[in-house]
Amino acid sequence: MSRQLAPPALSDAPLAPGLYLVATPIGNLRDITLRALDVLAGCDVLLAEDTRVSGKLLAAYAISKRLQRYDEHVADRETPRILERLEAGERVALVSDAGTPMVSDPGLRLAQAVIAAGHQVFPIPGASAALAALTLAGLPTDRFLFAGFPPTKTAARKTFFEDLANVRATLIFYEGASRVADSLADMAAVFGPRPGAVARELTKLYETCIRGPLDVLAADPRFEAPKGEIVILVGPGEDEVATAADAETALREAMSRLPLGEAASEVAKALGLSRKDLYRQALAMKEAG
C-alpha cells in the first residue's frame, strides 16, 4: 500500500467549514476520487480509524496532513473537541480504514453530534465493498438490503437470518474469514437453496467471486479457511402466489373495517392481485352475506 503514486493536480478551491465523510479505497489505491484527494489535502484535521492505515494512503499521494485517531474507544473524549473545532470554522475530515465511513465502521455518533449541533456534513462518495460486491454478484440489484455483520454465535445468527427470510431483496452481509463457512451453513439452513455469491479481496490482486446456490456454497471447501475481506450476498426468495382462499380471507378481514373499494385496494397491494377482480369478488361476497 506504500507504493508512491503520481499525485494528480489538486483543486485550490477552499473547503467550506464542516465535517467531511470521505470514502477511501477498499483495496486498489487508484480507486480514490479526485474530490476525496482535494478534501484530504485541504482539511484542517483528518480523523482516522487507524492512523497507520490512513498514513499510508496519504503517503502514496504525497499529502502531508495532521492525523488524529477517532474510533469507538475515544469517541466520548474527542467528540466535544471536534465540535469546538467546527464551531471555530475548521474543516474536519473523517475516514475509516477502507470504504465509506459509517458503513460497518465508526463515525455515526460523530455525524449525529455534528448534525445536532447545527454544523454542515458533506458526503464524499467513493468505494464501498457492499456495492462493489452487488455489481459483481449477478444477483438482482433493483432492491437490496445491507445487513452488516451477522452475530458470531450460531443461535443468534440463525435468528438474525430468520428475521430477514421474508425480505424480497438481495441481502448483503460482511463476514470475517474465520466464520464464512459457519455463516454459509446457517444461511443454507434458513434461506434454502437460494442463489448466492461470495466475493473476496475486492479490487485487489486476488479478487474472486464464487456464485451458486447457498447449499452448494456452504459445502465448498474453499470457504473452510478463506483469507481476506469477505462479502456474502443472498438472492431474494421467490414470491408466493396468493390462492383464491388467501384472497377471500384477506378480503373478509379488510371488509370488516373498510369500505369495499378501499378493502379491494389494500388486498390488491398486499397480495399482488388485480384490484378490479378483487372489487368484483368483494361485491359478490357482500351480496351473498
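Since the model is a prediction, treat every value here as computed from it, not as a measurement. (Residues numbered from 1 in each chain as written. Predicted model: local features only at pLDDT ≥ 70, side-chain atom pairs only at ≥ 80, totals over all residues. Heavy atoms only, no water.)

## Comments concerning the sheet that holds strand β5 (residues 121–124)
Okay, so step 1: Taken in spatial order, the five strands make up an open sheet running β3-β2-β4-β1-β5, and their pairing is parallel. Each end of this open sheet is capped by a strand with a single partner; those strands are β3 (67–69) and β5. Averaged over all neighbouring strand pairs, the angle between strand axes comes to 25 degrees, with direction disregarded.
Okay, so step 2: In this structure, strand β1 (residues 18–22) lies alongside strand β4 (residues 91–95), joined through four bridges in parallel fashion. Directly across from glycine 18, in β4, lies its bridge partner arginine 91. (Pairing = 2+ DSSP bridges. Helix = DSSP H or I, 4+ residues; strand = E, 2+ residues; numbered from the N terminus. Axes fitted to C-alpha atoms, helices over the stretch in contact; angles between N-to-C directions.)

## Description of the environment of alanine 169
Okay, so step 1: Assignment of secondary structure puts alanine 169 in the loop between α6 (154–164) and β7 (170–175).
Okay, so step 2: With residues up to four places along the chain from it excluded, the contact list for alanine 169 reads Arg143, Phe144, Leu145, Val234, Gly235 and Pro236. (Contact = heavy atoms within 4.5 Å.)

## Topic: the pattern of salt bridges
Close approach of charged atoms allows side chains of opposite charge to pair.
Okay, so step 1: Scanning the model with the defined rule gives 15 salt bridges in all.
Okay, so step 2: Notably, a salt bridge pairs arginine 69 with aspartate 71, separated by 2.9 Å at the nearest N-O pair.
Okay, so step 3: Between glutamate 253 and arginine 257 there is a salt bridge; the shortest N-O distance is 2.9 Å.
Okay, so step 4: What makes arginine 257 partly exposed here is its relative accessible area of 44%.
Okay, so step 5: Residues joined in a network through salt bridges with shared partners are Arg77, Glu78 and Arg81. (Salt bridge = Lys/Arg side-chain N within 4 Å of Asp/Glu carboxyl O. Buried < 20%, exposed > 50% of the residue type's maximum accessible area, 1.4 Å probe, protein only.)

## Examining the sheet that holds strand β8 (residues 195–200)
Okay, so step 1: The five strands are arranged β6-β7-β10-β8-β9 in an open sheet whose pairing can be described as mixed. Every other strand in the sheet has two partners, leaving β6 (144–148) and β9 (208–213) as the edge strands with one partner each. Here the average twist between neighbouring strands, direction ignored, is 20 degrees.
Okay, so step 2: Note that β8 and strand β10 (residues 230–234) share five bridges and pair antiparallel. In the strand pairing of β10, valine 198 is matched with isoleucine 232.

## Concerning the side chain of threonine 170
Okay, so step 1: On the secondary structure map, threonine 170 appears in strand β7.
Okay, so step 2: With a relative accessible area of 0%, threonine 170 lands in the buried category.
Okay, so step 3: Once you skip the residues sitting within four places of it in the chain, threonine 170 turns out to touch Leu134, Leu139, Pro140, Arg143, Phe144, Leu145, Leu233, Val234, Gly235 and Pro236.

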